[in-house]
Amino acid sequence: MNIKWNANKYTEDFSFVHQYGNSVAELIDAAKGSSVLDLGCGNGALTKVLRDKGYLVKGMDESKEFLVIAKEKYPDIDFIQGDAADFTLSEPVDVVFSNAVFHWINKDKQRDMLKCVYKALNKDGRFVFEFGGHGNNKKIHSALARVFSEHGYCYRMPFYFPRIGEYAAMMENAGFEVQYAVLFDRPTELKGEDGLKDWINMFVKTPFSIVKTEQEKEMIADKAVEILRDDLFINGKWYADYVRIRMKAVRV
Ligand code: BEZ
């Protein structure tokens, strides 16, 4: 991953990420007092939700910027720095939970991540997660790809959005028994008049690294936003075309 996040803006303007995560947390069917790792905990908002449900929580994230916010907001929670595809816990946990993280991990690193999660869980431990599934933000990425091409650049898709069958097979190969899997559309309202441009600026960073000037980056983002206006600006509000993949599995 290794992205330098604008963690304050993320916390202020993209709080829907953890708000939607509440319903993922509800999928955890473990007794109070169970130990839970929040993998890719970001600003810790969902780690706190899990703590308030009575779990013994630990949050892990690679981003120092997010961990500063998490530790400041929830000083009584244990937050540690770690790479989701290369970590070991000192003690295994009963549940690994993750929201809106795995699409940031390259396809060729997913197996490493699943291995780490497997090792981090007790036998019969639960693995509950949601991230971007096949077709996630397809309209947005297609518009960006079109404008990149008009400007003579190749748009490299920076995310991994798997189909359910592909991911369930990967999970089974890693030793998990998948008990629940779903892929669903979740159109998501964005904040403010510039909601879509802000979303692009926050989340789509690496494809823009090949664009020569800041002015051209701005122009490309603006053109993509105009292409998308008819489809994604509805009754005065911007929406992103999110598709989620959600699974619940047991480590056997
Ligand atoms: C997501 O949560 O699906 C997501 C967010 C930002 C960029 C890519 C995917």
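Residues numbered from 1 in each chain as written. Predicted model: local features only at pLDDT ≥ 70, side-chain atom pairs only at ≥ 80, totals over all residues. Heavy atoms only, no water.

Undergrad: How would you sum up the packing of aromatic side chains? Please name residues and give values.
TA: Under the criterion given, the structure shown has 26 aromatic pairs. On the basis of an interplanar angle of 90° and a centroid distance of 5.9 Å, the ring pair of F16 and Y242 is categorised as edge-to-face. Placement of F16 in helix α2 (residues 16–25) and of Y242 in strand β8 (residues 237–251) is noted, with a sequence separation of 226 residues between them. Here the aromatic residues Y10, F14, F16, Y20, F66, W104, F159, F161, W199, F203 and Y242 are joined through ring pairs into a cluster of three or more. One cation-aromatic arrangement involves R186 over Y20; the distance from NZ or CZ to the ring centre is 3.6 Å. Lying across the ring of Y118, R251 places its NZ or CZ 4.1 Å from the centre. (Phe/Tyr/Trp six-rings, centres within 6.5 Å; stacked < 30°, edge-to-face > 60°. Helix = DSSP H or I, 4+ residues; strand = E, 2+ residues; numbered from the N terminus. Lys NZ or Arg CZ within 6 Å of the ring centre and 35° of its normal.)

Undergrad: Could you give me a rundown of helix α7 (residues 164–173), with the residues and numbers involved?
TA: Y167, A168, M170 and M171 are the residues of α7 that are buried. Buried residues in α7, looked at end-on, bunch into an arc of 160°, giving them a common side. Exposed side chains of α7 directed beyond 90 degrees from the buried face belong to E172 and N173. Next to the buried residues of α7 lie α5 (107–120), β5 (121–132), β6 (176–189) and β8. Immediately beyond the C-terminal end of α7, within one or two residues, lies G175, with a positive phi of roughly 105°. (Buried < 20%, exposed > 50% of the residue type's maximum accessible area, 1.4 Å probe, protein only. Arc of directions from axis to C-beta. Contact = heavy atoms within 4.5 Å.)

Undergrad: An account of the pattern of salt bridges is needed here, citing residue identities and associated values.
TA: Applying the stated criterion across every chain, the model contains 20 salt bridges. Residues K58 and D78 are paired through a salt bridge, measuring 2.8 Å at the closest nitrogen-oxygen approach. With a gap of 20 residues between them, K58 in strand β2 (residues 56–61) and D78 in strand β3 (residues 78–81) connect regions that are remote in the sequence. Each member of the salt-bridge network shares a partner with another, and the members are K48, R51, D52 and D76. (Salt bridge = Lys/Arg side-chain N within 4 Å of Asp/Glu carboxyl O.)

Undergrad: So, the site of the ligand: which residues are in play, and what are the values?
TA: What surrounds the ligand is the set A100, H103, W104, G132, N136, N137, F159, F161, W199, F203, Y242 and R244. A distance of 2.6 Å separates an oxygen atom of the ligand from a polar atom in the side chain of R244. In the complex, 97% of the free accessible area of the ligand, which totals 260 Å², lies under the protein chains. Those elements that place two or more of their residues in the shell around the ligand are α8 (195–203) and β8. (Near = heavy atom within 4 Å. Polar contact = N/O pair within 3.5 Å; in protein donor to acceptor, adjacent residues only side chain to side chain. Areas by Shrake-Rupley, 256 points an atom, 1.4 Å probe, with all protein chains shown as cover.)

Undergrad: Could you give an account of the nonpolar core, naming the residues involved and the relevant values?
TA: Counting residues in hydrophobic clusters, the biggest one holds 37 residues, and the most contacted among them are I140, W199, I200, F203 and F208. Breaking this core down by element, the ones donating at least two residues are α1 (7–13), α2, α4 (64–73), α6 (138–150), α8, α9 (214–232) and β8. Among the elements that take part in this core, α9 stands out by supplying six residues, more than any other. If near-sequence neighbours (up to four positions away) are discounted, F208 is found in contact with L144, F148, I200, K217, I220 and A221. One finds M60, A84, V96 and I245 within the second-largest nonpolar core, a separate group that totals 30 residues. (Core = buried A, V, L, I, M, F, W, Y, C linked by side-chain atoms within 4.5 Å.)

Undergrad: Explain the side chain of N99 to me, using residue names and the numbers behind them.
TA: Take N99: it is sitting in strand β4 (residues 93–99). What makes N99 buried here is its relative accessible area of 8%. For N99, the side chain forms a polar contact with the main-chain oxygen of V17, separated by 3.1 Å. The contact partners of N99, leaving out residues within four places of it in the chain, are V17, H18, G21, V24, L46 and E130.

Undergrad: So what's going on with unusual backbone geometry? Residues and values would help.
TA: A positive phi is found at A100, a non-glycine position, where the angle reads about 60°. Here A100 falls in the buried class, since its relative accessible area comes to 17%. With a phi angle near 55°, N137 is a residue other than glycine that sits in the positive phi range. Along the chain, N137 turns up in the loop between β5 and α6.

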